[in-house]
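Below, each chain spelled out in residue letters.
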Amino acid sequence: MASVTYNEVTKRFGDVVAVNDLSIHVEDKEFLVLVGPSGCGKTTALRILAGLEETNEGTINIGERVVNDVAPKDRDIAMVFQSYALYPHMSVYDNMAFGLKLRKVPREDIATRVRSAAEILGIEELLERKPKQLSGGQRQRVAVGRAIVRDPSVFLFDEPLSNLDAKLRVQTRAEISKLHQRLKATFIYVTHDQVEAMTMATRIAVMNFGVLQQIDTPQNLYDNPANMFVAGFIGSPSMNFCNASLAESNGTLTIDTGGFSVPVPKDREDLYREHVDKPVIFGIRPEDMHDTKYVPPGVNQSVMQARVDVVELMGNEIFVYLKSGEWEMTARVDPRTEFRV
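Heads up: these notes are all about the structure in this document. (Residues numbered from 1 in each chain as written. Predicted model: local features only at pLDDT ≥ 70, side-chain atom pairs only at ≥ 80, totals over all residues. Heavy atoms only, no water.)

1. Describing empty space enclosed by the protein
Piece 1. Applying the stated rule across the entire model yields one cavity of 30 Å³ or more.
Piece 2. The computed volume of the largest cavity comes to approximately 70 Å³.
Piece 3. Taken together, Leu 121, Gln 140, Arg 141, Val 144, Thr 172, Glu 175, Ile 176 and Leu 179 make up the full set of residues lining the largest cavity.
Piece 4. Listed by contribution, the elements that provide at least two residues to the lining of the largest cavity are α4 (136-148) and α5 (166-183).
Piece 5. With four residues, α5 is the largest single contributor of residues to the lining of the largest cavity.
Piece 6. The residue makeup of the lining of the largest cavity, split by class, is four nonpolar, two polar and two charged. (1 Å grid on protein atoms, 1.4 Å probe; cavity = no way out; pocket = protein on both sides within 12 Å on 5 of 7 lines; lining within 4 Å. Points joined across faces, edges and corners; volume = space filled by probe spheres on them. Helix = DSSP H or I, 4+ residues; strand = E, 2+ residues; numbered from the N terminus. Nonpolar A, V, L, I, M, F, W, Y, C, P; charged D, E, K, R; others polar.)

Written as structure tokens, this is what we have:
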């Protein structure tokens, strides 16, 4: 297995900078997820590592080796594509074995590797079928199996779950997480779905417009976002933002949004005192807004008045779309709440 390092990597397509001065070190056996909106540069960064795109500046290391000029087939990586990319005329066995046959691996070794990978993925009974006889989830497992038999130093996943239905996505992402634990390999995974990123990653790298915004563990990204983009991107529903001002009266700091006011907790006043009488952005997570009847213990409460515009019943929780003054917000509240439009 091996670590991966991006050293000040830049990639341009004409006048468009797809990846801008990217520096990331991925530890051996780590599960790193590159996440961001469409066009943020995450897939380009993965394709550069795979050797499918060339860099304009910077270097890529796999282990101790600089691989900028190394052919894709010699980089000791395996890639799982969004489209599965299975050969329709070949059986599942032959699809998984094809890369090994090209490398002239002995037939007995190929059979052992394919059947071992099929057992790991639970597709032993599918080895004689053609791709058209498989469901989407089964095809995805075959694509992953084709990567496993290579026994590479690094596994690359390019939005592998985007073609699956919601239930199957949840099931398959759990399988990929278990696969990482079992193989103890380096995984680099690209997705636009921050829920996938939060549930699977050892660390998450958040990108936007080709620039790395922040890289950290999922919980640290959620608790301590570096900027408004990360704060708004990580979390579902996303964080609410309101333009506000910070005022001080009788030694107490208050955030005033125009629709409602919130006192700053005493233990944080010193952090914000220098911003008194200046415009600020007030951000609050939907799960930190509650029906006053069902406030969890230990919460430092402030009450706001708001109009309920939409109520979405989710079973285990309720999403409520509120308006207070000119600010529209989303709250995630207790399922017992009786809010009505």
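Once you've had a look at it, read on.
2. Structural notes on the sheet that holds strand β16 (residues 318-324)
Piece 1. Taken in spatial order, the three strands of this open sheet run β15-β16-β17, and their pairing is antiparallel. Pairing within the sheet leaves two strands with one partner each, and these edge strands are β15 (307-313) and β17 (327-333). Here the average twist between neighbouring strands, direction ignored, is 20 degrees. (Pairing = 2+ DSSP bridges. Axes fitted to C-alpha atoms, helices over the stretch in contact; angles between N-to-C directions.)

3. Some details on the nonpolar core
Piece 1. If you look at the biggest cluster of nonpolar residues, it comprises 47 residues, and the most contacted ones within it are Met 96, Val 114, Phe 187 and Tyr 189.
Piece 2. For Val 114, the contacting residues outside a window of four places in its chain are Tyr 93, Met 96, Ala 97, Leu 127 and Val 149.
Piece 3. Within the second largest apolar cluster, 28 residues are counted, among which are Tyr 6, Leu 34, Ala 50 and Ile 188. (Core = buried A, V, L, I, M, F, W, Y, C linked by side-chain atoms within 4.5 Å. Buried < 20%, exposed > 50% of the residue type's maximum accessible area, 1.4 Å probe, protein only. Contact = heavy atoms within 4.5 Å.)

4. A few points about unusual backbone geometry
Piece 1. Of note, the amide linkage connecting Ser 236 to Pro 237 takes the cis form, showing an omega dihedral of -5 degrees.
Piece 2. Turning to its location among the elements, Pro 237 is positioned in the loop between α8 (228-233) and β11 (240-249).
Piece 3. Positive phi is not limited to glycine here, since Asp 76 has a value of about 60 degrees.
Piece 4. Along the chain, the position of Asp 76 falls in the loop between β5 (65-66) and β6 (77-80).

5. Section: the environment of Val 80
Piece 1. With respect to the secondary-structure elements, Val 80 resides in strand β6.
Piece 2. Classification of Val 80 by relative accessible area gives buried; the value is 1%.
Piece 3. Excluding its chain neighbours within four sequence positions, the residues that come into contact with Val 80 are Gln 140, Ala 143, Val 144, Ala 147, Leu 156, Phe 157, Asp 158 and Pro 160.

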